[in-house]
Structures are given as C-alpha cells and as structure tokens.
Amino acid sequence: MPRPIQALIHTEALAHNLRRARQAAPDARVWAVVKANAYGHGIERAFAGLRGADGFALLDLAEAERVRGLGWRGPVLLLEGVFEPRDLELCSRLDLWHGVHCVEQIDWLAAHKTHKPHRVFLKMNTGMNRLGFRADAFRTAWARLNALPQVDEISLMTHFSDADGERGIAHQVAAFEAATRDLPGERSLANSAAVLRYGRDPAVRADWVRPGILAYGSSPDFPAHDAAHWHLQPTMSLRSRLIAVQALAAGEHVGYGSRFTAEAPMRVGVVACGYADGYPRVCDTGTPVLVDGIRTRTLGRVSMDMLAVDLGPVPHAGVGSEVTLWGRAGNGAVLPIDEVARAGGTLGYELMCALAPRVPVEVAD
Ligand SMILES: *Cc1c(COP(=O)(O)O)cnc(C)c1O
C-alpha cells in the first residue's frame, strides 16, 4: 500500500466558485486564471470544473499548449506576453492572445511574419510597478501597435497592487481611466480581490475579469474575510491518515527539538504528512487540523514525512483514522486552507502551489 496521503480536486467546487465570480461581476466575461498549473491543482484536473469560463489566462507557453490540447478553442491569454520573438510563432499557430507590457515585445511583433493578425492586451502600469507602460508611454505604445499589420484588436489592461488591502484600487482605476478614456478596445482590470470587493462597479469589472485564487476557494482578503464570507468552496483537500498513536505522560515531548511538552497525560496521533508533501514546516503547535472531521491541533515540529496531532478532542481516533490537513473532510467538515496558511505565515496561494509532486492527486466531484 502507498503512503495514505492524497490530494483531492473538487470539480463541483471549482464550477461553483467560478459562478461566484460571475455573480460578483455581472455581465463581465471571466478569464479563469490557470497559471502555475492551475494554482497547483493541475490544469488537466481543474479543466472540467473551469470550462464554464470565457477564456483561460496563464503565463507559460507550455501550459497554453496543454489548454489547447484539452480541446479548448476559446480565448487563451498569455498574461505576461511572450518572452522571446519565436514565442510569437506559437501564438500564431495556437491562436493565443498575448499581453504586451514592454517596448521589446512590440519590436518583436513588428518583425513577426503572420498571416493572421494577433489580438493583444496592452498593459498599463498604474502603480504596481512590475509590468506595463506608464501613462505617456502607454499611448505611444498603443499608437505603434495600432499601426502594425500584425495586430488585430488591442485590449487594455492593468493589475492592482492593493485590491485585497486598505489602500484599495481607486487611485489605480483613476490612472487607468485618465490614460485610456479616448481609446477603443475592451478592458480588463480585476483580480479576485477586486472582483469580490469592487465587482459591482462597472469601471472595475469592465469587459473581462481575471479571477485566480477565488476560483480555487481561498479568500483573497483573508483574514478580513474568510472563504465562507465570500461563499467560496474549497477546491483542494489534502488528506492523510494516522499511522501511529502515542500515549504521552505529563512532561514528555513530541518531535524534533522537543518543542511540545505534554502538561498532562494525552494521546498523540502521528500523521503521514510532512514538509516533503508541501505542508509548511513553519506551522507550529496549534495549527488547525481535522481528525475524522473533528477540529484539533498540530503538536511540535513538522518533520519531512510526519507530523503530530492532539487526539484530545477525538478520543476514538486510532491508526487509520482520516486526517484532513486542509479542505474538506470525509464527513463534509471544512478546514479553510487560509487558516493553515496563516499559521505558517503565508497565503493559501502558496500552499496550493507548493503541493509536492509525490502527493497522489485524484479528481472528485
Ligand atoms: C495571477 C494574476 C491574476 C489572478 O490573481 P488572483 O489574485 O489569484 O485573482 C490576475 N491578473 C494577473 C495579471 C495575474 O498575474
């Protein structure tokens, strides 16, 4: 028998979350963002749940090929555009739409031979200061693209730095509107946090929204709001089983560094899950975990292949009992990935993307 650890991908939950994006941004078309192998879910495994989207947005050309390989004939957008001139050949061949964020990408397009002009998304830098043209250069870039026979439609996009936080997006929306007011073309501004928090505003949802993390059931502005607040369902469950039980006397310890000390006699479960499975090593005593769908806590340090849990709240549990590290338990109880991430000082995004290749993944309903 293999190690009992397993990740489940919930197809129905992906579809549900995507519908939530549509409700929050009525009338906008929806890109399902599937970069980073669909946030660690696997593009092929997530596809059935996300195929109700209007298009797929990603970064990697090999991932774009995989989406086409699944038979998807609708829009596919390379969010960062191409990385070198010959990538444009694949864009022509697979009919990929691509972002244009720098002068070099325009030079490459101008030199590209294609019988079918490309749809491009010209990116404006409205304050994130990673990719895109500032206001004046944006208009010059637009005029240059507009004059190229290689370019068909030009859409306009920007990306928010603070949609999940206190600073918000008003300053970026204003900068985008000021620079694009008199330009034709479809617009795309909103990531998950902007969809959920500001999607009612037509200027924010615009023509296309780009939800990533919300589709995967993690709250983009946790802990201000949790996934339940936004009516999102977990799309990835990491489950394993107890492989041993220890009875500790008061004063005894568990795990490397003896970081946990029993204050009274207690039962400790040993779980087949460690940091080599993608569970964060920095999660210390007290990180929430479900045993047989009942909430308890981790104890001591996470090791490579194992971690320990408090069986106090689950006295009936023994070897073979189900353990849910995040997501949905067999009895339907939910442990939000965001809570585990917070205990590890990170985000649901990182935990999903860091699921280790050694963990077998199965698609469920
Ligand atoms: C990743 C990404 C998104 C999705 O962001 P979420 O916070 O996961 O919704 C949207 N737009 C761009 C340009 C991205 O790179």
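What you see is a predicted model, and the numbers here were worked out from it, not measured in a lab.

S.K.: Outline helix H4 (residues 61–69), supporting the account with residue identities and numerical values.
M.R.: Three or more residues of H4 are buried, namely Leu61, Glu63, Ala64, Val67 and Arg68. Axial view of H4: buried residues confined to an arc of 155 degrees, hence all on one face. Looking at the buried residues of H4, the elements they touch are helix H2 (35–39), helix H3 (43–50), strand S3 (55–58), strand S4 (76–78) and helix H5 (87–94). Capping the start of H4 is the job of one residue whose side-chain oxygen sits 2.9 Å from the backbone nitrogen of Ala62: Asp60.

S.K.: Kindly report on the UniProt feature "binding site: substrate" (unreviewed entry) in the protein, identifying the contributing residues and their values.
M.R.: Mapped onto this structure's residue numbering, the UniProt feature "binding site: substrate" (unreviewed entry) falls at Arg130 and Met304. In summary, the annotated positions, distributed over 175 residues, remain apart in three dimensions as well, the widest C-alpha pair reaching 35.2 Å. We classify Arg130 as exposed; its relative accessible area is 58%. For Met304, the position within the fold is in the loop between strand S15 (294–299) and strand S16 (307–310). Of the residues examined, Met304 reaches a relative accessible area of 40% and is grouped as partly exposed. In contact with Met304, not counting residues within four places along its chain, are Gly274, Tyr275, Ala276, Asp277 and Arg358.

S.K.: A description of the packing of aromatic side chains should follow, citing residues and the corresponding values.
M.R.: Taken as a whole, this structure holds 11 aromatic pairs when the rule is applied. Seen from their ring centres, Trp31 and Trp208 are 4.2 Å apart, and the 20 degrees between their planes marks the pair as stacked. In this pair, Trp31 is assigned in strand S2 (residues 29–33) and Trp208 in strand S9 (residues 208–209), connecting sequence segments 177 residues apart. There is no split in this pair, since Trp31 and Trp208 are both buried. Each member of the aromatic cluster is reached from another via a ring pair, and the members are Trp31, Trp97, Phe121 and Trp208. When the ring centre of Trp97 is taken as reference, the NZ or CZ atom of Arg119 above it lies at 4.1 Å.

S.K.: Give me the lowdown on the nonpolar core, citing residues and values where you can.
M.R.: Judged by nonpolar contacts, the single largest core of 107 residues is most densely connected at Leu50, Leu122, Leu145, Tyr216, Leu238 and Tyr279. Two domains share this core, each providing at least three of its residues, namely domain 1 (11–216) and domain 2 (236–335). Other than its neighbours up to four places away in sequence, Leu50 contacts Leu14, Leu18, Ala32, Val34, Phe56, Ala215 and Tyr216. Among the nonpolar cores identified, the runner-up in size contains 8 residues, and Phe260, Met266, Val268 and Leu299 belong to it.

S.K.: Which residues make up the side chain of Asp221, and what values go with them?
M.R.: Among the secondary structure elements, Asp221 is positioned in the loop between S9 and strand S10 (236–248). Reaching out from Asp221, the side chain makes a polar contact with the side chain of His225 at a distance of 2.7 Å. Contacts of Asp221, omitting those with residues within four sequence positions, involve Asp164, Arg197 and Trp230.

S.K.: If you had to explain unusual backbone geometry to someone new, which residues and values would you point to?
M.R.: Across the junction of Phe222 and Pro223, the peptide omega takes the value 5 degrees, indicating a cis bond. With respect to the helices, strands and loops of the structure, Pro223 is situated in the loop between S9 and S10. One non-glycine residue, Asn37, adopts positive backbone phi at about 55 degrees. A residue is classified by how much of its surface remains accessible, and Asn37, at 25% relative accessible area, is partly exposed. Positive phi values are uncommon outside glycine, yet Ser258 reaches one of about 45 degrees. Position of Ser258 among the secondary structure elements: in the loop between strand S11 (253–254) and strand S12 (260–261).

Rules of the game
- Residues numbered from 1 in each chain as written.
- Predicted model: local features only at pLDDT ≥ 70, side-chain atom pairs only at ≥ 80, totals over all residues.
- Heavy atoms only, no water.
- Buried < 20%, exposed > 50% of the residue type's maximum accessible area, 1.4 Å probe, protein only.
- Helix = DSSP H or I, 4+ residues; strand = E, 2+ residues; numbered from the N terminus.
- Arc of directions from axis to C-beta.
- Contact = heavy atoms within 4.5 Å.
- Polar contact = N/O pair within 3.5 Å; in protein donor to acceptor, adjacent residues only side chain to side chain.
- UniProt positions renumbered as here; feature names shortened; annotations may be inferred.
- Phe/Tyr/Trp six-rings, centres within 6.5 Å; stacked < 30°, edge-to-face > 60°.
- Lys NZ or Arg CZ within 6 Å of the ring centre and 35° of its normal.
- Core = buried A, V, L, I, M, F, W, Y, C linked by side-chain atoms within 4.5 Å.
- Domains from an automatic or database assignment.

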